[in-house]
Amino acid sequence: MTDLPYALPLMRENVERNKSSWKGKDLPCQRIECKECDWFQPPPINILFGNANEEVHPDVILVADCVWLSPLIAPLLQTLKTYTVDASTKVIITYQQRGREAHEEFWQGIHDLFDVVVVDTERSAGLTKPDVFHVFECIKKM
């Protein structure tokens, strides 16, 4: 999990508090790390994964509630472009629309870089959501 430095202590605390809900269960992931990622100067993805000497290709990148200010859209998109080396990485994005300008800028930018499929949460999970909540899956255009 990543965020800016000010948010990391609370993220780590929440991971510790919720460890009992996933630790020791029969799940493929048994480790959660909280690391800094500033979209204006993102670290190489292999550093985020702790593999300084290895090439890293994540299976999934989850972007949650990260679209709200227009000045952050371009750096977020550039970071996603950099971290998705090929079409094997799926990007799942969910956010609440807080303003038209940021939403439209993000929507245009994400479609320029990725093939985007809107997730029908009612059909796939039986969840209804307000129109201001967005969930979609993206695969990098090659």
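The structure displayed is predicted, hence computed values, not measured ones.

Calculation criteria
- In this convention, every chain numbers its residues from 1, walking through the sequence in written order.
- Given that the model is predicted, a residue must reach a pLDDT of at least 70 before its local features are reported, and side-chain atom pairs must reach 80 or more before they are shown or counted; all residues, however, enter totals for whole chains, interfaces and linings.
- The basis for every side-chain value is the complete set of non-hydrogen atoms in the structure, without hydrogens or water.
- Each helix corresponds to a stretch of at least 4 residues labelled H or I by DSSP, and each strand to a stretch of at least 2 residues labelled E; elements are numbered beginning at the N terminus.
- Atoms considered for the radius of gyration are the C-alpha atoms alone. The globule rule reads 2.2 Å times the number of residues to the power 0.38.
- Only protein chains enter the accessibility calculation, which uses a 1.4 Å probe; a residue whose area is less than 20% of its type maximum is buried, one above 50% is exposed, and one in between is partly exposed.
- Note on contacts: a residue pair is in contact if any heavy atoms of the two residues lie within 4.5 Å.
- The accessible surface values rely on the Shrake-Rupley method and a 1.4 Å probe; as for residues, cover is taken only from the protein chains in view.
- Two cysteine sulfurs form a disulfide in these notes if their separation is within 2.5 Å.
- Any Phe, Tyr or Trp ring, taking Trp's six-membered ring, that has another such ring centre within 6.5 Å forms a pair; planes under 30 degrees apart are called stacked, those over 60 apart edge-to-face, and the others tilted.
- By nonpolar core we mean a set of buried residues, namely Ala, Val, Leu, Ile, Met, Phe, Trp, Tyr and Cys, connected to one another through side-chain atoms within 4.5 Å.
- Pairing of N or O atoms within 3.5 Å defines a polar contact, subject to two protein rules: one partner must be a possible hydrogen donor and the other a possible acceptor, and residues neighboring in sequence count only if both atoms are side-chain atoms.

Draft legend 1. How the structure looks around the overall build of the protein. On a plain count of helices and strands, the protein comes out with five helices and six strands. Starting at the N terminus and walking to the C terminus, you meet the elements of the protein as β-α-β-α-β-α-β-α-β-α-β. Relative to the 2.2 N^0.38 estimate, which gives 14 Å for 142 residues, the radius of gyration of the protein is 16 Å and therefore close to what a compact globule would have. Within the protein, the proportion of its 142 residues that are buried is 32%. Within the protein, counting contacts between residues at least 6 apart in sequence, those at least 24 apart form 66% of the total. Entry remark: accessible area of the protein is about 9,400 Å², with carbon and sulfur atoms responsible for 54%.

Draft legend 2. Fine view of the state of the cysteines. Applying the stated criterion across every chain yields a total of zero disulfides. In this structure Cys66 is not part of a disulfide, and its nearest cysteine sulfur, from Cys37, lies 9.7 Å away. Judged by its relative accessible area of 17%, Cys66 is buried.

Draft legend 3. How the structure looks around the packing of aromatic side chains. By the definition in use, this model includes four aromatic pairs. Here Tyr95 and Phe106 contribute two aromatic rings whose centre-to-centre distance is 5.6 Å and whose plane-to-plane angle is 85 degrees, an arrangement assigned as edge-to-face. A residue pair is termed long-range when its members are at least 10 positions apart, and Tyr95 in strand S4 (residues 90-96) and Phe106 in helix H4 (residues 100-113) qualify at 11 residues. Each member of the aromatic cluster is reached from another via a ring pair, and the members are Tyr95, Phe106, Trp107 and Phe136.

Draft legend 4. Up close: the nonpolar core. Core analysis: the largest hydrophobic core is formed by 25 residues, its most contacted members being Leu80, Ile93, Phe106 and Ile110. For this core, the elements supplying multiple residues, two or more each, are helix H2 (45-48), strand S3 (60-64), helix H3 (70-83), S4, H4, strand S5 (114-118) and strand S6 (133-140). Of all the elements, H3 adds the most residues to this core, at six residues. Sequence-distant contacts of Ile93, defined by excluding residues within four places in its chain, comprise Val63, Leu80, Phe106, Ile110, His134, Val135, Phe136 and Cys138. If you look at the next biggest cluster of nonpolar residues, it comprises five residues, including Met11, Val15, Trp22 and Cys34.

Draft legend 5. Region of the structure containing the side chain of His103. Relative to the assigned elements, His103 resides in helix H4. A distance of 2.5 Å separates the side chain of His103 from the side chain of Tyr95, its partner in a polar contact.

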